[in-house]
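Overview (structure and organization)
Chain residues, written in single-letter form:
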Amino acid sequence: SVLRKISWVCLAAMLFTHALKTLHRNWDWESEYTLFMSALKVNKNNAKLWNNVGHALENEKNFERALQFFIQATQVQPDDIGAHMNVGRTYKNLNKTKEAEESYMIAKSLMPQIIPGKKYAARVAPNHLNVYINLANLIRANESRLEEADQLYRQAISMRPDFKQAYISRGELLLKMNKPLKAKEAYLRALELDRTNADLWYNLAIVYIELKDPTEALKNFNRALELNPTHKLALFNSALLMQESGDARLRPEAKQRLLHYVKEEPQDSNGYFNLGMLAMDDKKDTEAEAWMKKAIRLQPNFRSALFNLALLYSQTGKELMALPVLEDLLRYYPDHTKGLILKGDILMNQKKDIVGAKMCFEKILELDPNNVQGKHNLCVVYFEEKDLIKAEKCLVETLALAPHEEYIQRHLNIVRSKIASLGTVEQSSLPSDGTAATEAKKNSFQNLKEAKSEKTTTQSTVDNKQHSKNKKLTEKSSVDKETPKKSTKEIKDIEKKRVAALKRLEEIERILNGD
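Keep in mind it's a predicted model, so treat the numbers as computed, not measured. (Residues numbered from 1 in each chain as written. Predicted model: local features only at pLDDT ≥ 70, side-chain atom pairs only at ≥ 80, totals over all residues. Heavy atoms only, no water.)

**Focus: the environment of A156**
With respect to the secondary-structure elements, A156 resides in helix α8 (residues 146–159). Accessibility expressed as a relative area gives 0% for A156, which makes it buried. Distance from A156 to Y167, taken between C-alpha atoms, is 9.4 Å for residues 11 residues apart in sequence. If near-sequence neighbours (up to four positions away) are discounted, A156 is found in contact with Y132, I133, F163 and A166. (Helix = DSSP H or I, 4+ residues; strand = E, 2+ residues; numbered from the N terminus. Buried < 20%, exposed > 50% of the residue type's maximum accessible area, 1.4 Å probe, protein only. Contact = heavy atoms within 4.5 Å.)

Now the structure itself:
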């Protein structure tokens, strides 16, 4: 009976202690970090354990602590290529490019070296070949080291001819080096290894865009979308390509792709902006306005959206609604020349604010003294201020900048005729009430103003913007797109105004000539 009691006590103690040990061990399995840390308590001379703890911390974005464990792994096992690669990657994540390059170079030095004139076989872990890719990706940020980066990609390919990622990365680099034909070769070689990769077809489409072959580019975009219907970059850039083709038959498909894109990326203002541009092309002004406003709500300083919304208002007879939009544009971008021209034109023609218009045109000339349109418009302001001598001098300077512009020469002749007419009137006889001279002056001002308006307003152009990430098509940041064509009714209205302006010009010239 005594032995039985002792046995039960010992059994209970053993169960209790093992239960406590199991409970304690459960905490070790709480996460990867706690699991590998518990293993390190048992074995501190295993580089793999140090690397695993580092990876766990890296996954938590705790790069500073991860770096400590990766460095410890290299000290425990100095010839561990993977550990040095981990150190280099972590330094890169910490934006310490110099230290990252040093670590990658150490890892590269541990790889089998090329012996000139001799071939030999060596076993290399596929993952270790990424040291060439990582090092090349790091140094190609320096424009002066692009050739060095290309050499690293080629070295990786020579060690493993079926290394798909090396071809892809080299293709991107060759595009950056403005070598689209070689980039095409690299992507075609990668496609031989993997024809089901939508990204490869997308990248090949970008190459064809660089080669000025939009038809082939669109085919490759379509191939990428067949493999991955939600490929965001292919959706966006193929829609832009269709839009820029000018083919009205492609616009419905372009719109569908952009709608699909904004469904995938609802917070990207560029999708809504380009939907607005498509609506402008289709003369759907209300729809275009709604898309532009949505783009601006998402990105209040969206340069192209602000300008094109203001331009849309000015083209649809809502010039006064365009002014607050232009104010926002110029608050963010004070040197936006087209915005200043449009604002000055509206202030002078709609608000009759000559002073405000003058400030806009003078600002343009501060930014670009050789801007013909801004210079000419400033001459018109001088004419409106009845400073004919200053207007003449200004037009002479403008004509020197653009000697082939007939409208500048015509306006200069009008100003000179007016100066001569006023001089003759003063010398011969002064009318009792000055009515005829005042009327001639008024008509001349009106003619020059309308002729100017005809020229400047039809010269307005539209900003357009594209994007890319590897974004190739779009790291084109902000380009101009011509104003959508006017309707038949609008053209007829313009023609009527032009004919009326010419008739007034003839009448004024007859008055000035004394007929």
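Further notes follow.
**Describing the UniProt feature "signal peptide" (unreviewed entry) in the chain**
In this numbering, the UniProt entry assigns the feature "signal peptide" (unreviewed entry) to residues 1–19. Across residues 1–19, the secondary structure splits into 95% helix and 0% strand, with the terminal C-alpha atoms separated by 27 Å. (UniProt positions renumbered as here; feature names shortened; annotations may be inferred.)

**Focus: the environment of S103**
For S103, the location among the structural elements is in helix α6 (residues 97–109). For the pair S103 and Y91, spaced 12 residues apart in sequence, the C-alpha separation works out to 8.6 Å. Apart from residues no more than four positions distant in its own chain, S103 is found in contact with H84, V87, G88 and Y91.

**Some remarks on the side chain of K375**
The topology assignment puts K375 in helix α21 (residues 372–384). Those residues in contact with K375 that sit more than four places away from it in its chain are L365, C394, E397 and T398.

**Quick word on the pattern of salt bridges**
A full pass over the atoms with the stated rule returns 26 salt bridges. E226 is the salt-bridge partner of R223, the closest N and O atoms lying 3.3 Å from each other. With R223 and E226 both in helix α12 (residues 214–227) and three residues apart, this pair spans about one turn of that helix. Relative accessible area serves as the criterion here: at 30%, R223 is assigned to the partly exposed category. E226 sits in the exposed class, given a relative accessible area of 56%. With a shortest N-O distance of 3.0 Å, E287 and K255 are connected by a salt bridge. Of this pair, E287 sits in helix α16 (residues 285–298) while K255 sits in helix α14 (residues 251–264), and the two are 32 residues apart along the sequence. Take E287: its relative accessible area is 26%, and that puts it in the partly exposed class. The exposure class assigned to K255 is partly exposed, which follows from its relative accessible area of 25%. Put simply, E101, R145 and E148 are held in one network by salt bridges that share partners. (Salt bridge = Lys/Arg side-chain N within 4 Å of Asp/Glu carboxyl O.)

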